Amino acid sequence: MNRSNDRILVTHAGSLPRPDDLAEMIWARIDGKPVDEAALQARIESAVADVVAKQHEVGVDIVSDGELSKPGFSTYIEDRFEGFAGRSEFQADDVAPFPNLAMRLFATDSMAHVIFSNCVGPVSLKDKEAVHRDIETLKKALDGADPGTAFMGAVSPGQIAFNYPNQHYGSHEEYLGALADALSYEYRAITDAGFNLQIDSPDLAMAAHSRSVGSSITSWDQHLPLAIEALNAALDGIPPEQVRLHVCWGNYAGPHHCDVPLANIIDDVLKANVGTIYPEGANPRHEHEWEVFKDVKLPDGMAVIIGCIDTKSNYVEHPKVVANRLTRLANVIGRENVLAGTDCGFDTFIRFSQVDPDVAWLKLKALSDGAELATRELFGVATV
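An account of the accompanying structure is given in this report. (Residues numbered from 1 in each chain as written. Predicted model: local features only at pLDDT ≥ 70, side-chain atom pairs only at ≥ 80, totals over all residues. Heavy atoms only, no water.)

Focus on the overall build of the chain
Scanning the chain from N- to C-terminus turns up 14 helices and ten strands. Over its C-alpha atoms the chain spans a radius of gyration of 19 Å, differing by no more than 12% from the 21 Å that the globule rule assigns to 384 residues. Burial status across the chain gives 59% buried among its 384 residues. Nonlocal contacts in the chain, meaning residues at least 24 apart in sequence, comprise 85% of its contacts between residues at least 6 apart. About 14,700 Å² of surface is accessible on the chain, with carbon and sulfur atoms providing 50% of the total. Between the centroid of the 32 positive side chains of the chain and the centroid of its 56 negative side chains there is a distance of 3 Å. (Helix = DSSP H or I, 4+ residues; strand = E, 2+ residues; numbered from the N terminus. Rg over C-alpha atoms; globule rule 2.2 N^0.38 Å. Buried < 20%, exposed > 50% of the residue type's maximum accessible area, 1.4 Å probe, protein only. Contact = heavy atoms within 4.5 Å. Areas by Shrake-Rupley, 256 points an atom, 1.4 Å probe, with all protein chains shown as cover. Lys, Arg positive; Asp, Glu negative; His and termini not counted. Charge placed at Lys NZ, Arg CZ, Asp CG, Glu CD.)

Encoded structure:
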């Protein structure tokens, strides 16, 4: 992970608004309609080039491919892995008492294209080339720039087990182990290419208040250490400094009043063999939790990307608000250990987003402007 000793670097959680025509092509494939795969790949490449350029334009230092080739941050496994079929149901304790809200959030055309199935057979890779296509697309968009200035996202073993109920393996532990084995190929490909790897693992927080019906997760505190153990197995041999672990409580505009506190999960999260952890820190439910770091000692060399931009609201944060969120954490864990990020992605699944695409770019610009203000305050210099 790129670090700086003289400024606050800016990144985000991965997914960015997809062009409408690209979204339609990927939805058509989900719907089983004929899609010209060569035309789709060409459109992905042009869209990634555009989204990388736009990130640089608004001041993002560590960019991504926007996850533009994927239907969703986790559902892409449907295209790349064997062993899954059918459809599972998702439940969230904070939304369940409010059926009208549940209908507004989830009874949409977007959610009809978010398909979580079940594990019904041995998990294995069926498309080893998919990650390499993504790697080459991002390298091309970087136009010769250091791949260390970019990251690619990949789902965690725990998140797959959380979203895709186990109907095949004899235990939750066995299921996680099989997922770790399968995912290790993708993790290694990304880091071998020189990119930073972002592990997306909302399950570490979400398992306390939500679930897929029939999941082998019996309780969140049983799942948490097992999920970290499986993740560490999948990361075996990969330099921790190339890996960042994103933890969130669900990128949906629900009440979130049932969310487990960060303090309850942080000890296990810090056992992950990663160089950077990445929690939410901007939304009204979790903004205060930077204070957890007053009582928790980070492992030597570990950094924190802190969410400074709420991805569930169209309010554009004032740069001073962003700067305040950065400086107060920096004063606790050290300025060299803090990076600026968004709470989550802006388009976690295709068109499942609360923020208007054009507003999303305004919010990213506010993030970089706020990081510049924080740099002036913390380092006494302006960014270049």
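Don't stop here, the text continues.
Here's the deal with the packing of aromatic side chains
Enumeration over the complete set of coordinates arrives at nine aromatic pairs. Pairing F84 with Y164 gives two aromatic rings, centres 5.3 Å apart and planes at 65°, and the pair type is edge-to-face. In this pair, F84 sits in strand β1 (residues 81-85) while Y164 sits in the loop between α7 (157-163) and α8 (172-192), placing the two residues 80 residues apart along the sequence. Accessibility expressed as a relative area gives 0% for Y164, which makes it buried. What links up through ring pairs into an aromatic cluster is the set F73, F84, F106, F116, Y164, Y252, F349 and F352. The ring of F151 is capped by R244, whose NZ or CZ atom sits 3.8 Å from the centre of that ring. (Phe/Tyr/Trp six-rings, centres within 6.5 Å; stacked < 30°, edge-to-face > 60°. Lys NZ or Arg CZ within 6 Å of the ring centre and 35° of its normal.)

Things to note about the packing of helix α13 (residues 319-333) against helix α14 (residues 357-379)
Running from N to C, α13 and α14 cross one another at 50°; their axes reach a closest spacing of 7 Å. When the axis of α13 is compared with that of α14, the two are oblique. Seen from above, α13 lies across α14 with right-handed handedness. Facing P319, K320, V322, A323, L326, T327, A330 and N331 of α13, the residues of α14 in contact are A366, L367, D369, G370, A371, L373, A374, E377 and L378. Classifying every residue of the contact of α13 with α14 by side-chain character gives eleven nonpolar, three polar and three charged. (Axes fitted to C-alpha atoms, helices over the stretch in contact; angles between N-to-C directions. Parallel < 35°, antiparallel > 145°, perpendicular 65-115°, else oblique. Left-handed = near helix turned anticlockwise from the far one by under 90°. Nonpolar A, V, L, I, M, F, W, Y, C, P; charged D, E, K, R; others polar.)

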